[in-house]
Amino acid sequence: MKRAIFFFLLAFLGLTATYSQGMKWTKSYQDYFDQYQDAAIEQMQRHGIPASITLAQGVLETGAGSSELARKANNHFGIKCNGWTGRKAYHDDDASQECFRAYDSVSQSYEDHSLFLVNSKRYASLFQLKPTDYKGWAKGLKACGYATSPTYATKLIEIIELYNLHQFDDPSGIVRTKPQQNLPPTTVQPVAAPAMRKVFFFNNNYYVLAHKGETYQSLADEVGVSYKKLAKYNEKDKYSVLSEGEIVWLEKKQKCAPKEYLGFEHVVAPGESVYSIAQKYGIRLKNIYKINNLPPDCPIRVGDRLALR
(Lines give C-alpha, C1' and ligand atoms only; values in the text may rest on other atoms or scores of the structure.)
Protein backbone atom coordinates (compact mmCIF):
# COMPACT_ATOMS: atom_id res chain seq x y z
CA MET A 1 0.00 0.00 0.00
CA LYS A 2 1.22 3.46 -0.77
CA ARG A 3 1.52 5.51 2.35
CA ALA A 4 0.69 9.17 2.49
CA ILE A 5 -1.20 11.25 4.98
CA PHE A 6 -2.54 9.39 8.01
CA PHE A 7 -6.11 10.37 8.67
CA PHE A 8 -6.65 9.70 12.32
CA LEU A 9 -3.89 9.78 14.93
CA LEU A 10 -3.69 9.79 18.68
CA ALA A 11 -5.66 12.00 21.01
CA PHE A 12 -2.58 13.48 22.60
CA LEU A 13 -1.43 14.59 19.17
CA GLY A 14 -4.77 16.32 18.72
CA LEU A 15 -5.77 14.28 15.69
CA THR A 16 -8.10 11.67 17.11
CA ALA A 17 -10.99 10.80 14.83
CA THR A 18 -14.60 11.31 15.85
CA TYR A 19 -16.34 7.97 15.86
CA SER A 20 -19.89 7.34 14.76
CA GLN A 21 -21.98 4.73 16.51
CA GLY A 22 -23.36 3.65 13.12
CA MET A 23 -20.12 3.00 11.28
CA LYS A 24 -16.87 1.20 12.01
CA TRP A 25 -13.39 1.65 10.60
CA THR A 26 -12.49 -0.76 7.81
CA LYS A 27 -9.16 -1.35 6.14
CA SER A 28 -10.67 -1.20 2.65
CA TYR A 29 -11.91 2.36 3.24
CA GLN A 30 -8.58 3.40 4.74
CA ASP A 31 -6.73 1.91 1.79
CA TYR A 32 -8.91 3.94 -0.57
CA PHE A 33 -8.12 7.18 1.28
CA ASP A 34 -4.41 6.35 1.36
CA GLN A 35 -4.44 5.80 -2.40
CA TYR A 36 -6.51 8.78 -3.54
CA GLN A 37 -6.02 11.53 -0.97
CA ASP A 38 -3.49 13.32 -3.20
CA ALA A 39 -6.00 13.45 -6.05
CA ALA A 40 -8.69 14.88 -3.75
CA ILE A 41 -6.34 17.53 -2.36
CA GLU A 42 -5.31 18.52 -5.89
CA GLN A 43 -8.97 18.96 -6.87
CA MET A 44 -9.60 21.08 -3.77
CA GLN A 45 -6.71 23.36 -4.65
CA ARG A 46 -7.82 23.69 -8.29
CA HIS A 47 -11.59 23.89 -7.93
CA GLY A 48 -12.44 24.65 -4.30
CA ILE A 49 -14.28 21.41 -3.48
CA PRO A 50 -13.41 20.15 0.02
CA ALA A 51 -11.06 17.19 -0.24
CA SER A 52 -13.04 15.45 2.50
CA ILE A 53 -16.20 15.59 0.40
CA THR A 54 -14.46 14.25 -2.70
CA LEU A 55 -12.91 11.35 -0.79
CA ALA A 56 -16.13 10.48 1.04
CA GLN A 57 -18.14 10.55 -2.18
CA GLY A 58 -15.55 8.43 -3.96
CA VAL A 59 -15.38 5.75 -1.30
CA LEU A 60 -19.16 5.63 -0.90
CA GLU A 61 -19.97 5.57 -4.62
CA THR A 62 -17.43 2.84 -5.39
CA GLY A 63 -17.53 0.68 -2.27
CA ALA A 64 -13.89 1.63 -1.68
CA GLY A 65 -12.98 1.16 -5.33
CA SER A 66 -14.57 -2.28 -5.68
CA SER A 67 -17.63 -1.40 -7.77
CA GLU A 68 -17.97 -2.53 -11.37
CA LEU A 69 -18.03 1.08 -12.58
CA ALA A 70 -14.80 1.84 -10.74
CA ARG A 71 -13.02 -1.30 -11.91
CA LYS A 72 -14.13 -1.28 -15.55
CA ALA A 73 -14.75 2.40 -16.27
CA ASN A 74 -12.63 4.25 -13.67
CA ASN A 75 -15.86 6.05 -12.70
CA HIS A 76 -15.55 6.85 -8.99
CA PHE A 77 -18.50 9.22 -8.60
CA GLY A 78 -21.39 7.54 -10.37
CA ILE A 79 -21.71 10.31 -12.96
CA LYS A 80 -24.05 9.37 -15.80
CA CYS A 81 -23.58 10.29 -19.45
CA ASN A 82 -25.87 13.36 -19.69
CA GLY A 83 -24.40 14.75 -22.91
CA TRP A 84 -21.05 13.04 -22.44
CA THR A 85 -19.22 12.53 -25.74
CA GLY A 86 -16.44 10.35 -24.41
CA ARG A 87 -16.24 6.63 -23.74
CA LYS A 88 -19.33 5.12 -22.11
CA ALA A 89 -20.16 2.22 -19.82
CA TYR A 90 -23.56 0.65 -19.14
CA HIS A 91 -24.60 -0.40 -15.67
CA ASP A 92 -27.79 -1.19 -13.74
CA ASP A 93 -28.65 1.64 -11.37
CA ASP A 94 -32.06 3.24 -10.85
CA ALA A 95 -32.97 1.62 -14.18
CA SER A 96 -31.50 -1.24 -16.18
CA GLN A 97 -28.31 -0.63 -18.19
CA GLU A 98 -28.04 3.11 -17.66
CA CYS A 99 -25.30 5.05 -19.43
CA PHE A 100 -22.33 6.16 -17.31
CA ARG A 101 -19.20 8.08 -18.18
CA ALA A 102 -16.05 6.01 -18.62
CA TYR A 103 -12.52 7.32 -18.14
CA ASP A 104 -9.02 6.28 -19.11
CA SER A 105 -7.78 6.84 -15.55
CA VAL A 106 -9.04 7.52 -12.05
CA SER A 107 -7.46 10.98 -12.15
CA GLN A 108 -9.73 11.81 -15.11
CA SER A 109 -12.72 10.74 -13.04
CA TYR A 110 -11.67 13.01 -10.18
CA GLU A 111 -11.19 15.96 -12.55
CA ASP A 112 -14.52 15.37 -14.29
CA HIS A 113 -16.29 15.14 -10.93
CA SER A 114 -14.96 18.59 -10.04
CA LEU A 115 -15.95 20.06 -13.41
CA PHE A 116 -19.37 18.42 -13.13
CA LEU A 117 -20.00 20.35 -9.91
CA VAL A 118 -18.28 23.58 -10.96
CA ASN A 119 -20.06 23.89 -14.31
CA SER A 120 -23.56 23.02 -13.13
CA LYS A 121 -25.92 25.76 -11.95
CA ARG A 122 -27.57 23.15 -9.75
CA TYR A 123 -24.53 23.08 -7.46
CA ALA A 124 -23.58 26.76 -7.64
CA SER A 125 -24.80 27.47 -4.10
CA LEU A 126 -22.29 25.00 -2.68
CA PHE A 127 -19.38 27.19 -3.73
CA GLN A 128 -20.69 29.95 -1.47
CA LEU A 129 -19.95 27.78 1.56
CA LYS A 130 -16.74 27.98 3.53
CA PRO A 131 -14.18 25.42 2.34
CA THR A 132 -14.19 23.85 5.79
CA ASP A 133 -17.97 23.41 5.90
CA TYR A 134 -18.06 19.74 4.94
CA LYS A 135 -21.45 19.30 6.64
CA GLY A 136 -22.91 22.07 4.51
CA TRP A 137 -21.45 20.49 1.37
CA ALA A 138 -22.78 17.05 2.29
CA LYS A 139 -26.29 18.35 2.97
CA GLY A 140 -26.14 20.59 -0.09
CA LEU A 141 -25.21 17.75 -2.41
CA LYS A 142 -28.21 15.79 -1.20
CA ALA A 143 -30.53 18.82 -1.41
CA CYS A 144 -29.34 19.58 -4.94
CA GLY A 145 -30.13 16.05 -6.06
CA TYR A 146 -26.70 14.47 -6.42
CA ALA A 147 -28.00 11.19 -4.97
CA THR A 148 -31.45 9.72 -4.36
CA SER A 149 -30.63 8.03 -1.05
CA PRO A 150 -32.29 9.89 1.86
CA THR A 151 -29.26 9.12 4.05
CA TYR A 152 -26.63 10.27 1.55
CA ALA A 153 -25.61 13.40 3.48
CA THR A 154 -25.53 11.53 6.78
CA LYS A 155 -23.31 8.83 5.33
CA LEU A 156 -20.86 11.36 3.89
CA ILE A 157 -20.60 13.15 7.24
CA GLU A 158 -20.13 9.88 9.13
CA ILE A 159 -17.30 8.82 6.81
CA ILE A 160 -15.58 12.20 7.03
CA GLU A 161 -15.70 12.26 10.82
CA LEU A 162 -14.81 8.61 11.32
CA TYR A 163 -11.67 8.92 9.18
CA ASN A 164 -10.94 12.54 10.14
CA LEU A 165 -10.95 13.54 6.48
CA HIS A 166 -11.87 17.12 7.33
CA GLN A 167 -8.28 17.78 8.34
CA PHE A 168 -7.56 18.02 4.59
CA ASP A 169 -9.98 20.90 4.09
CA ASP A 170 -7.25 23.45 4.73
CA PRO A 171 -7.90 26.57 2.65
CA SER A 172 -4.19 27.31 2.54
CA GLY A 173 -3.60 24.00 0.81
CA ILE A 174 -0.74 23.23 3.19
CA VAL A 175 -0.99 19.54 3.99
CA ARG A 176 1.56 17.13 5.44
CA THR A 177 3.08 14.74 2.94
CA LYS A 178 3.96 12.04 5.46
CA PRO A 179 2.10 10.28 8.25
CA GLN A 180 3.11 11.56 11.65
CA GLN A 181 4.68 8.93 13.87
CA ASN A 182 3.15 8.17 17.21
CA LEU A 183 5.09 7.21 20.30
CA PRO A 184 5.45 3.46 20.88
CA PRO A 185 1.98 1.91 21.21
CA THR A 186 2.26 0.83 24.84
CA THR A 187 2.12 4.48 25.93
CA VAL A 188 -1.53 4.55 24.82
CA GLN A 189 -4.32 3.73 27.24
CA PRO A 190 -6.85 1.18 25.95
CA VAL A 191 -10.22 2.58 24.99
CA ALA A 192 -13.37 1.78 26.91
CA ALA A 193 -15.70 0.17 24.41
CA PRO A 194 -15.51 -1.54 21.01
CA ALA A 195 -17.83 1.06 19.43
CA MET A 196 -15.27 3.75 20.25
CA ARG A 197 -12.19 1.81 19.23
CA LYS A 198 -9.43 3.99 17.82
CA VAL A 199 -7.05 2.99 15.05
CA PHE A 200 -3.49 4.18 15.55
CA PHE A 201 -0.42 4.55 13.37
CA PHE A 202 3.22 3.75 14.13
CA ASN A 203 6.22 2.48 12.16
CA ASN A 204 4.37 2.79 8.83
CA ASN A 205 1.60 0.49 10.04
CA TYR A 206 -1.85 0.61 11.60
CA TYR A 207 -2.81 -1.03 14.90
CA VAL A 208 -5.67 -1.31 17.36
CA LEU A 209 -5.73 -2.19 21.04
CA ALA A 210 -7.66 -5.32 21.93
CA HIS A 211 -10.21 -5.68 24.70
CA LYS A 212 -10.02 -8.52 27.20
CA GLY A 213 -11.24 -11.80 25.78
CA GLU A 214 -11.30 -10.70 22.15
CA THR A 215 -9.91 -12.94 19.43
CA TYR A 216 -8.58 -12.35 15.96
CA GLN A 217 -11.85 -13.82 14.71
CA SER A 218 -13.95 -11.28 16.59
CA LEU A 219 -11.75 -8.42 15.35
CA ALA A 220 -11.68 -9.51 11.72
CA ASP A 221 -15.06 -8.15 10.64
CA GLU A 222 -14.52 -4.85 12.44
CA VAL A 223 -11.18 -4.02 10.84
CA GLY A 224 -11.73 -5.66 7.46
CA VAL A 225 -8.78 -8.05 7.69
CA SER A 226 -9.19 -11.83 7.85
CA TYR A 227 -8.46 -13.41 11.23
CA LYS A 228 -5.82 -15.65 9.65
CA LYS A 229 -3.95 -12.62 8.31
CA LEU A 230 -4.27 -10.80 11.64
CA ALA A 231 -2.75 -13.76 13.43
CA LYS A 232 0.03 -14.01 10.85
CA TYR A 233 0.83 -10.30 11.03
CA ASN A 234 1.01 -10.54 14.83
CA GLU A 235 2.92 -13.85 14.81
CA LYS A 236 0.46 -15.71 17.03
CA ASP A 237 -1.91 -18.64 16.76
CA LYS A 238 -5.09 -17.73 14.86
CA TYR A 239 -7.25 -18.90 17.77
CA SER A 240 -5.42 -16.86 20.41
CA VAL A 241 -7.45 -15.05 23.07
CA LEU A 242 -6.24 -11.47 23.46
CA SER A 243 -5.64 -9.53 26.65
CA GLU A 244 -6.74 -6.00 27.55
CA GLY A 245 -4.68 -3.41 25.69
CA GLU A 246 -2.82 -5.97 23.57
CA ILE A 247 -1.48 -4.51 20.33
CA VAL A 248 -2.94 -5.93 17.13
CA TRP A 249 -1.15 -4.87 13.95
CA LEU A 250 -3.35 -4.63 10.86
CA GLU A 251 -0.60 -5.16 8.30
CA LYS A 252 2.67 -7.05 8.18
CA LYS A 253 5.16 -5.64 10.66
CA GLN A 254 8.35 -3.89 9.55
CA LYS A 255 11.90 -5.24 9.59
CA CYS A 256 13.10 -2.54 11.98
CA ALA A 257 11.95 0.49 13.96
CA PRO A 258 11.55 3.95 12.37
CA LYS A 259 14.74 5.77 11.41
CA GLU A 260 14.32 8.03 14.45
CA TYR A 261 15.33 5.01 16.54
CA LEU A 262 18.77 4.66 14.93
CA GLY A 263 21.22 4.27 17.81
CA PHE A 264 18.42 3.83 20.35
CA GLU A 265 18.44 0.73 22.55
CA HIS A 266 15.42 -0.65 24.36
CA VAL A 267 16.16 -1.59 27.97
CA VAL A 268 14.33 -4.79 28.90
CA ALA A 269 11.85 -4.22 31.72
CA PRO A 270 10.34 -6.83 34.07
CA GLY A 271 7.77 -8.99 32.33
CA GLU A 272 8.95 -8.17 28.82
CA SER A 273 9.92 -10.72 26.20
CA VAL A 274 11.49 -10.41 22.79
CA TYR A 275 8.02 -10.95 21.36
CA SER A 276 6.38 -8.18 23.43
CA ILE A 277 9.17 -5.79 22.44
CA ALA A 278 8.74 -6.71 18.78
CA GLN A 279 5.02 -6.01 19.11
CA LYS A 280 5.60 -2.72 20.87
CA TYR A 281 7.70 -1.33 18.02
CA GLY A 282 5.94 -3.10 15.14
CA ILE A 283 8.97 -5.21 14.19
CA ARG A 284 8.97 -8.82 13.01
CA LEU A 285 10.20 -11.14 15.73
CA LYS A 286 12.93 -12.78 13.65
CA ASN A 287 14.33 -9.36 12.80
CA ILE A 288 14.73 -8.38 16.46
CA TYR A 289 16.98 -11.42 16.85
CA LYS A 290 18.80 -10.65 13.60
CA ILE A 291 19.42 -6.98 14.45
CA ASN A 292 20.93 -7.99 17.79
CA ASN A 293 22.88 -10.99 16.45
CA LEU A 294 20.98 -13.33 18.76
CA PRO A 295 20.04 -16.93 18.00
CA PRO A 296 16.28 -17.59 17.71
CA ASP A 297 14.49 -17.96 21.06
CA CYS A 298 17.50 -16.65 22.94
CA PRO A 299 16.34 -15.73 26.47
CA ILE A 300 16.69 -12.13 27.63
CA ARG A 301 17.04 -10.67 31.12
CA VAL A 302 15.85 -7.51 32.78
CA GLY A 303 18.32 -4.75 31.98
CA ASP A 304 19.47 -6.20 28.67
CA ARG A 305 19.65 -3.66 25.85
CA LEU A 306 18.21 -4.38 22.42
CA ALA A 307 18.85 -2.38 19.26
CA LEU A 308 15.80 -1.76 17.11
CA ARG A 309 17.37 -1.13 13.70
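Treat the numbers as computed from the prediction; the structure is a model and nothing was measured.

Enquirer: Before we move on, can you summarise the pairing of strand β1 (residues 88–91) with the specific residues and values?
Expert: Taken together, the 4 bridges between β1 and strand β2 (residues 98–101) define a ladder with antiparallel strand orientation. Opposite His 91, over in β2, you have Glu 98 as the bridge partner. Between the end of β1 and the start of β2, which pair antiparallel, lie 6 residues, with Gln 97 showing a positive phi angle near 50°.

Enquirer: I'd love a proper account of the sheet that holds strand β4 (residues 205–209), names of residues and values included.
Expert: Backbone-to-backbone hydrogen bonds pair the strands of a sheet. The strands run either parallel or antiparallel. The strand order across the open sheet formed by 3 strands is β3-β4-β5, and the pairing between neighbours is antiparallel. Taken across any chain shown, the strands that pair with only one partner, and hence form the sheet edges, are β3 (200–202) and β5 (247–249). When the angles between neighbouring strand axes are averaged without regard to direction, this sheet yields 40°. Across 3 bridges, β4 lies against β5 in antiparallel orientation. Counted as the bridge partner of Tyr 207 is Trp 249 from β5.

Enquirer: Describe the packing of helix α5 (residues 134–143) against helix α6 (residues 152–162), listing the residues and the values that go with them.
Expert: Relative orientation of the contacting elements α5 and α6 amounts to 155°, with a least axis distance of 8 Å. Relative to α6, the element α5 is oriented roughly antiparallel. The way α5 lies across α6 gives a crossing that is right-handed. Mapping the contact onto sequence places Tyr 134, Lys 135, Ala 138, Lys 139, Leu 141 and Lys 142 in α5 and Tyr 152, Ala 153, Leu 156, Ile 157, Ile 160 and Glu 161 in α6. Residues of the contact of α5 with α6, tallied by class, amount to 8 nonpolar, no polar and 4 charged.

Enquirer: With reference to specific residues and values, describe the nonpolar core.
Expert: Ranked by size, the top nonpolar core spans 56 residues in total, and within it Phe 33, Tyr 146, Ile 159 and Leu 165 carry the most contacts. Of all elements in the fold, only α1 (27–47), α2 (51–62), α4 (106–118), α5, α6, β4, α7 (216–223) and α8 (227–233) reach the threshold of two or more residues within this core. Sequence-distant contacts of Ile 159, defined by excluding residues within four places in its chain, comprise Met 23, Tyr 29, Phe 33, Ala 56, Val 59, Leu 60 and Leu 165. One finds Ile 247, Tyr 261, Ile 283 and Ile 288 within the second-largest nonpolar core, a separate group that totals 19 residues.

Enquirer: Report on unusual backbone geometry, specifying residues and quantitative values.
Expert: For Glu 235, which is not glycine, the phi dihedral falls at a positive 55°. Structurally, the position occupied by Glu 235 is in the loop between α8 and β5. The class of Glu 235 is partly exposed, set by a relative accessible area of 32%. For Asp 297, which is not glycine, the phi dihedral falls at a positive 65°. One can find Asp 297 in the loop between α10 (285–291) and β7 (305–307).

Enquirer: I'd like to hear about α6, residue by residue, with values.
Expert: Of all 11 residues in α6, 8 are buried, a share of seventy percent or more. On its buried side, α6 packs onto α1, α2 and α5. Positive phi shows up at Asn 164, right after α6, with a value of about 55°.

Enquirer: Just give me the short version of the layout of surface pockets, but keep the residues and values in it.
Expert: Taken as a whole, the largest pocket encloses approximately 590 Å³ of empty space. Along the walls of the largest pocket sit 27 residues, with Glu 61, Gly 78, Asp 93, Tyr 146 and Ala 147 positioned nearest its centre. For the lining of the largest pocket, the element with the most residues is α2, which contributes 3 residues. The residue makeup of the lining of the largest pocket, split by class, is 10 nonpolar, 10 polar and 7 charged.

Enquirer: Account for the packing of aromatic side chains, naming residues and giving values.
Expert: Under the criterion given, the structure shown has 21 aromatic pairs. Each ring, one from Tyr 29 and one from Phe 33, has its centre 6.4 Å from the other, and the planes form 85°; the classification is edge-to-face. Taken together, the residues span about one helical turn, with Tyr 29 and Phe 33 both in helix α1 at a distance of 4 residues. Of the two residues, Tyr 29 and Phe 33, neither departs from the other in class, the shared state being buried. Three or more aromatic residues joined by ring pairs make a cluster, and in this case those are Tyr 29, Tyr 32, Phe 33, Tyr 36, Phe 77, Tyr 110 and Tyr 163.

Enquirer: Before we move on, can you summarise the environment of Leu 294 with the specific residues and values?
Expert: Within the fold, Leu 294 resides in the loop between α10 and β7. Residues contacting Leu 294, with those up to four places away along its chain left out, are Tyr 289 and Leu 306.

Enquirer: Now, about the pattern of salt bridges: what can you tell me, with residues and values included?
Expert: Within the structure shown, the criterion is met by 12 salt bridges. Glu 111 serves as the salt-bridge partner of Arg 46, at 3.3 Å between the closest nitrogen and oxygen. With Arg 46 in helix α1 and Glu 111 in helix α4, this residue pair connects regions lying 65 residues apart in the sequence. Judged by relative accessible area, Glu 111 falls into the buried class, the value being 18%. A network of salt bridges, in which partner residues are shared, links Lys 27, Asp 31 and Glu 251.

Reading guide: rules and limits
Residues numbered from 1 in each chain as written. Predicted model: local features only at pLDDT ≥ 70, side-chain atom pairs only at ≥ 80, totals over all residues. Heavy atoms only, no water. Pairing = 2+ DSSP bridges. Helix = DSSP H or I, 4+ residues; strand = E, 2+ residues; numbered from the N terminus. Axes fitted to C-alpha atoms, helices over the stretch in contact; angles between N-to-C directions. Parallel < 35°, antiparallel > 145°, perpendicular 65-115°, else oblique. Left-handed = near helix turned anticlockwise from the far one by under 90°. Contact = heavy atoms within 4.5 Å. Nonpolar A, V, L, I, M, F, W, Y, C, P; charged D, E, K, R; others polar. Core = buried A, V, L, I, M, F, W, Y, C linked by side-chain atoms within 4.5 Å. Buried < 20%, exposed > 50% of the residue type's maximum accessible area, 1.4 Å probe, protein only. 1 Å grid on protein atoms, 1.4 Å probe; cavity = no way out; pocket = protein on both sides within 12 Å on 5 of 7 lines; lining within 4 Å. Points joined across faces, edges and corners; volume = space filled by probe spheres on them. Phe/Tyr/Trp six-rings, centres within 6.5 Å; stacked < 30°, edge-to-face > 60°. Salt bridge = Lys/Arg side-chain N within 4 Å of Asp/Glu carboxyl O.

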